[in-house]
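Close look at the chain arrangement
Listed below, chain by chain, are the residues.
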Amino acid sequence: MIETILIVDDDLDILELLKMNLEPEGYNVRTANNGESAVQSACANPPDLILLDVMMPQKSGFEVIEELKNIEHTKNVPIILVTARGQTEDKVLGLDTGADDYITKPFDLREVTARVEAVLGRTRPIKYINPLMRAMGDKFSEEGLQQLAGHLQAAAAIQNKLLPEQAPSLDEFDIETLLQSSTSVSGDFYDFIPLNETQIGLVLGDVKGNGIPAALLMVMIRTALRLLCHEEDTPASILKRVNDLVVRDTEADLFATMVYGILDITNSTFTYSNGGHCYPFHWKHTGEMGVLKTEGMLIGAFEEATFSSDICELSPGDILVFYTDGITETETRKSEVTAGNTSQKEEAGSSENGLPITESHYGTDRLATCISKNAGLSASALCDTIVNDLTLFSGSTNPHDDRALIIIKRHI
Amino acid sequence: MNVETTIAKKNISILHIEGKILGNASDAFRKEMSEQLQTGRDKLVIDLMNVPLIDSSALGAIVITLKSCQQSGGKLVLLNPQKAVREVLEVTKLSTVIEIYDTEEGACAAF
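Residues numbered from 1 in each chain as written. Chains lettered and ligands numbered in written order. Predicted model: local features only at pLDDT ≥ 70, side-chain atom pairs only at ≥ 80, totals over all residues.

1. Quick look at the overall build of chain B
- Check the secondary structure of chain B and you find four helices and five strands.
- N-terminal to C-terminal, the α/β element order of chain B is β-β-α-β-α-β-α-β-α.
- Out of the 111 residues in chain B, the part that is buried amounts to 41%.
- Look at the contacts in chain B between residues 6 or more apart in sequence, and 71% of them connect residues 24 or more apart. (Helix = DSSP H or I, 4+ residues; strand = E, 2+ residues; numbered from the N terminus. Buried ≥ 20, exposed ≤ 12 C-beta atoms within 10 Å, placed from the backbone. Contact = placed C-beta atoms within 7 Å.)

Okay, structure coming up:
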């Protein structure tokens, strides 16, 4: 984005000099030769920075600042004062002028450029990088930002407390979990709820979108589920009741997808239902790969939603993998697919998994292959292997979307 | 993502979408649909033939627009979703609440 600088000076030569100096640096330069027109120009279209001469007839630079600071959409425009050495310099130093920096005349043009860049560098992040700022009005201040950051931190802390600290430790099953958030609060979640001595309720889900609204819906769903799952009901009817509770209180475009199931430790079975979530994988000790597929709507989107339950048996060595689409929608490094760069493809393909990168997104096929090839590993080692493969595929360790994973392996 | 809207007989709006509807693109997608509703057009055909991929935000946009259409007595149908999009619609079971057509004639005959 090209930044605009408004230069204000009653000396036309200085205006021209500064303009000639700053334009080649890539700035869009406007000028005003008195205080009054400076205020008008700034109000009509606030610049990104004002270089303001202090000593001007009629309206001085100090008066211009005072006016601009009282106008909502100009009060945050950074200002560099230009003062005469000896005359106004002392005054500027002794006053709280409201300016961000000052330059003394006669000035070195390189110093002007350096100071302009320094002030813009300080104010740019607040203005452009944080997309909230434009919508925030009065919170367009450091204080407002700190307050907001505080709220986000508190929300993240609440959410972290809701997640189980560790996966349940069982003699019969080896369980590993993963949750990676792309922002401080996550839309992905999982939970383990002990139902009785032999059964554990298990949920993994993904609330649409991310940030605070998603986190709030996640808390609602998790609480509803925790309350309802103790009733002796099928997973399908529990999902139905969660949906009915949530749908009343949410906007139509806020919904979640999730899998809920009951792991029976004595019988080694998993009874499950699915609310619009990607189908979990079931790797069987025979080497066959299957999916846990049941019919069910998104959670929280429709009043008339239906769900169904199914059951699978887990033999020794069998693995269940639950995941969110943040994993399968991981994007590849662009060059590999689009440019068709053979050497890079081969390099990526010669990974420990030996999987070539041919798709723009990680996808369920690659995840299934990765699980099958590494099915001999422990749950935790398999989890690490999947994460490594994702890193290899995307070329980055930072996920763009939230990612959650639960791996359950029945001991041999 | 690009959207080109044409108006067919019976005041049906056909939104031809081109490109992936991911992330911020779904805002533009949603805005285009709600502009139709605001101008009183609540019969929408969303042409997904040239959409290789959609994400959950796009689904959210479809769901909220579908509900708005239904509230005002209109309807929203989908036209020609491709494999990956069709899979998402099936996994999320949106395919059970939204009518999906393979031809423009079929889609328009739904109104």
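2. Points about the confidence of the model for chain B
- Looking at chain B as a whole, its pLDDT mean stands at 91, while 100% of the residues score no less than 70.
- Interface predicted TM-score (ipTM) for the complex: 0.76; the corresponding pTM is 0.66. (pLDDT = per-residue confidence, 0-100.)

3. Remarks on the nonpolar core
- A:Ile299 and A:Ile407 are the most contacted members of the largest nonpolar core, which has 93 residues in total.
- A per-element tally of this core places helix 2 (residues 56–71) of chain B first, with seven residues.
- Within the second largest apolar cluster, 28 residues are counted, among which are A:Leu18, A:Ile79, A:Ala99 and A:Val116. (Core = buried A, V, L, I, M, F, W, Y, C linked by C-beta atoms within 7 Å.)

4. Examining the sheet that holds strand 3 (residues 43–50) of chain B
Residue and element names in this part refer to chain B.
- With respect to topology, five strands assemble into an open sheet ordered 1-2-3-4-5, the strand pairing being mixed. Both outer strands of the open sheet, strand 1 (2–8) and strand 5 (99–101), are each paired with one neighbouring strand and no more. Neighbour-to-neighbour, the strand axes of this sheet turn through a mean angle of 25 degrees, independent of strand direction.
- Of the strand pairs in this sheet, strand 4 (residues 75–79) and strand 5 are connected by three bridges, and their pairing is parallel. Along strand 5, the bridge assignment pairs Leu-79 with Tyr-101. (Pairing = 2+ DSSP bridges. Axes fitted to C-alpha atoms, helices over the stretch in contact; angles between N-to-C directions.)

5. Some words on the pairing of strand 8 (residues 199–207) of chain A
All names here are of chain A.
- Among the nine residues of strand 8, eight are classified as buried, and the element is accordingly described as predominantly covered.
- Strand direction decides the pairing type here: strand 7 (residues 188–194) and strand 8, joined by seven bridges, are antiparallel. Opposite Asp-188, over in strand 8, you have Asp-206 as the bridge partner.
- Counted along the chain from strand 7 to the antiparallel partner strand 8, the turn is four residues long.
- When strand 8 meets strand 9 (residues 256–264), the two strands line up antiparallel, connected through nine bridges.

6. Focus: the environment of B:Leu15
All names here are of chain B.
- Structurally, Leu-15 is set in strand 2 (residues 12–18).
- C-alpha of Leu-15 to C-alpha of Leu-79: the two residues are 64 residues apart in sequence and 9.6 Å apart in space.
- Once you skip the residues sitting within four places of it in the chain, Leu-15 turns out to touch Val-3, Thr-5, Glu-32, Met-33, Leu-44, Val-45, Ile-46 and Asp-47.

7. Comments concerning helix 3 (residues 61–69) of chain A
Residue and element names in this part refer to chain A.
- Of all the positions in helix 3, only Gly-61, Phe-62, Val-64, Ile-65 and Leu-68 are classed as buried. Buried residues along helix 3 cover an arc of 160 degrees about the axis, so they all sit on one side.
- At its buried positions, helix 3 is contacted by strand 1 (4–8), helix 2 (35–44), strand 3 (49–53) and strand 4 (79–84). (Arc of directions from axis to C-beta.)

8. A closer look at the confidence of the model for chain A
- Per-residue pLDDT for chain A averages 84, and the proportion of residues at 70 or more is 85%.
- The least confident element of chain A, judged by mean pLDDT, is helix 12 (residues 342–349) of chain A at 41; the most confident is strand 14 (residues 319–323) of chain A at 98.

9. A few points about the packing of helix 1 (residues 25–38) of chain B against helix 2 of chain B
All names here are of chain B.
- Packing of helix 1 against helix 2 brings their axes to within 9 Å, and their N-to-C directions diverge by 10 degrees. By the angle class used here, helix 1 and helix 2 are roughly parallel. Along its contact with helix 1, which presents Ser-26, Phe-29, Arg-30, Met-33, Ser-34 and Leu-37, the element helix 2 presents Ser-57, Ala-58, Ala-61, Thr-65 and Ser-68.
- Residues of the contact of helix 1 with helix 2, tallied by class, amount to five nonpolar, five polar and one charged. (Parallel < 35°, antiparallel > 145°, perpendicular 65-115°, else oblique. Nonpolar A, V, L, I, M, F, W, Y, C, P; charged D, E, K, R; others polar.)

10. Structural notes on the interface of chain B and chain A
- Between chain B and chain A, the contact holds 12 residues from the first and 15 residues from the second.
- Looking at which element gives the most residues to the side of chain B that touches chain A, the answer is helix 2 of chain B, with seven residues.
- A class-by-class count of the residues in the side of chain B that touches chain A yields five nonpolar, four polar and three charged.

11. Structural notes on the packing of helix 8 (residues 212–228) of chain A against helix 9 (residues 235–247) of chain A
Residue and element names in this part refer to chain A.
- Two elements in contact, helix 8 and helix 9, have axes separated by 10 Å at closest approach and are oriented at 135 degrees. In terms of their interaxial angle, helix 8 and helix 9 are classed as oblique. The hand of the helix 8/helix 9 crossing is right-handed. Contact with helix 8, carried on its side by Met-220, Ile-221, Ala-224, Leu-225 and Leu-228, involves Ile-238, Arg-241, Val-242, Leu-245 and Val-246 of helix 9 and no other residues of that element. (Left-handed = near helix turned anticlockwise from the far one by under 90°.)

12. Some points on helix 14 (residues 379–394) of chain A
Residues and elements named next belong to chain A.
- Its 16 residues place the ends of helix 14 23 Å apart at the C-alpha level, agreeing with the 22 Å of an ideal helix rising 1.5 Å per residue.
- Listed in full, the buried residues belonging to helix 14 are Ala-379, Leu-382, Ile-386, Asp-389, Leu-390 and Phe-393. Viewed along the axis of helix 14, the buried residues span an arc of 100 degrees, placing them on a single side of the element.
- The secondary structure elements touched by the buried residues of helix 14 are strand 6 (173–180), helix 10 (325–328), helix 13 (363–373) and strand 15 (403–410). (Expected span 1.5 Å × (residues − 1).)

13. Overview of the pairing of strand 4 of chain B
All names here are of chain B.
- Here strand 4 lies mainly inside the structure; four of its five residues are buried.
- One ladder, built from five bridges, connects strand 3 with strand 4; its direction is parallel. Considered in strand 4, the bridge of Val-45 is made with Val-77.
- Regarding the hand of the β-α-β motif, the stretch spanning strand 3, helix 2 and strand 4 is right-handed.
- Taken together, strand 4, helix 3 (residues 83–91) and strand 5 form a β-α-β motif whose crossover is right-handed. (Right-handed = clockwise from strand over helix to strand, strands pointing away.)

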